[in-house]
Amino acid sequence: MSEKASSLVAGAKQWATYYGAFTQGEESAALAAPLRARAAWDANDADAFADVFTENGSILVDDEQINGRESIRAFFTRAFADGGALAGTRLVSDPIEIKLVEPGVAVVVTDGGVLHGTETALPAQQTVRGTWVTSREGEEWRLVSQQTSPVKG
């Protein structure tokens, strides 16, 4: 196997673990939106991150509520830029519960946080519980809302 193919296989195996216990059915489909957001965050790609949200989606960052896809895009463009507060960061969001509220609407609860620089594990004081409200638009799941709350370690 070529080095590139080997790398792709390793990456696919790693991403498969991000689904946790939610690998099938509607729960897996609902989890796809937070996982796309995680991939975009890890790439520090503000456009891809914002595009996961519905047009009127929202996210709470620290104490700032950011409403609307274009406002999310603008905020994260600044935050991911060189010298920005989130430049070079990666997101940890391990699913612990998925509730299907009604067909096409789910709440995904995660544990995780933001890794800075060369961190490979979250310090206990940086651990957060995330709530991701997702909805299906056609065949694609998107984020309606996301917020986190600190978990005391």
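Residues numbered from 1 in each chain as written. Predicted model: local features only at pLDDT ≥ 70, side-chain atom pairs only at ≥ 80, totals over all residues. Heavy atoms only, no water.

Caption draft 1: Representation of helix α4 (residues 69–80) in the model. The end-to-end C-alpha distance of α4 is 16 Å, a good match for the 16 Å that twelve residues give at a rise of 1.5 Å each. If you check which residues of α4 are buried, you get Arg69, Ile72, Arg73, Phe75, Phe76, Ala79 and Phe80. Contacts from the buried residues of α4 go to α2 (25–42), α3 (46–51), β1 (53–61), β2 (64–67) and β6 (140–150). (Helix = DSSP H or I, 4+ residues; strand = E, 2+ residues; numbered from the N terminus. Expected span 1.5 Å × (residues − 1). Buried < 20%, exposed > 50% of the residue type's maximum accessible area, 1.4 Å probe, protein only. Contact = heavy atoms within 4.5 Å.)

Caption draft 2: Summary view of the environment of Gly104. Topologically, Gly104 is positioned in the loop between β3 (90–102) and β4 (105–115). In this structure Gly104 comes out as buried when scored by relative accessible area, which is 9%. Sequence separation between Gly104 and Glu139 is 35 residues; the distance between their C-alpha atoms is 9.7 Å. Setting aside residues up to four positions removed in sequence, Gly104 forms contacts with Glu26, Thr134, Ser135, Arg136 and Trp141.

Caption draft 3: α2, seen in detail. Here α2 spans 26 Å end to end across 18 residues, near enough to the 26 Å set by a 1.5 Å rise per residue. Along α2, the sharpest change in direction is near 30° and occurs at Ala32; proline Pro34 comes one to four residues later. Restricting attention to buried positions, one finds in α2 the residues Ser28, Ala30, Leu31, Ala33, Pro34, Leu35, Ala37, Arg38, Ala40 and Trp41. (Bend = angle between axes of the 7 residues up to and from the residue.)

Caption draft 4: Main features of the packing of aromatic side chains. Taken as a whole and judged by the stated rule, the model has seven aromatic pairs. Look at Phe49 and Phe76: their rings are 4.5 Å apart centre to centre, the planes differ by 50°, and that puts the pair in the tilted class. On the criterion of sequence distance, the pair formed by Phe49 in helix α3 and Phe76 in helix α4 is long-range, its members being 27 residues apart. Judged by its relative accessible area of 0%, Phe76 is buried. On the numbers, 5.4 Å between centres and 50° between planes, the contact of Phe76 with Phe80 is tilted. Remark: Phe80 and Phe76 occur in helix α4; sequence separation between them is four residues, near one turn of the helix. Comparing Phe76 with Phe80 shows no difference in burial state: the two are buried. (Phe/Tyr/Trp six-rings, centres within 6.5 Å; stacked < 30°, edge-to-face > 60°.)

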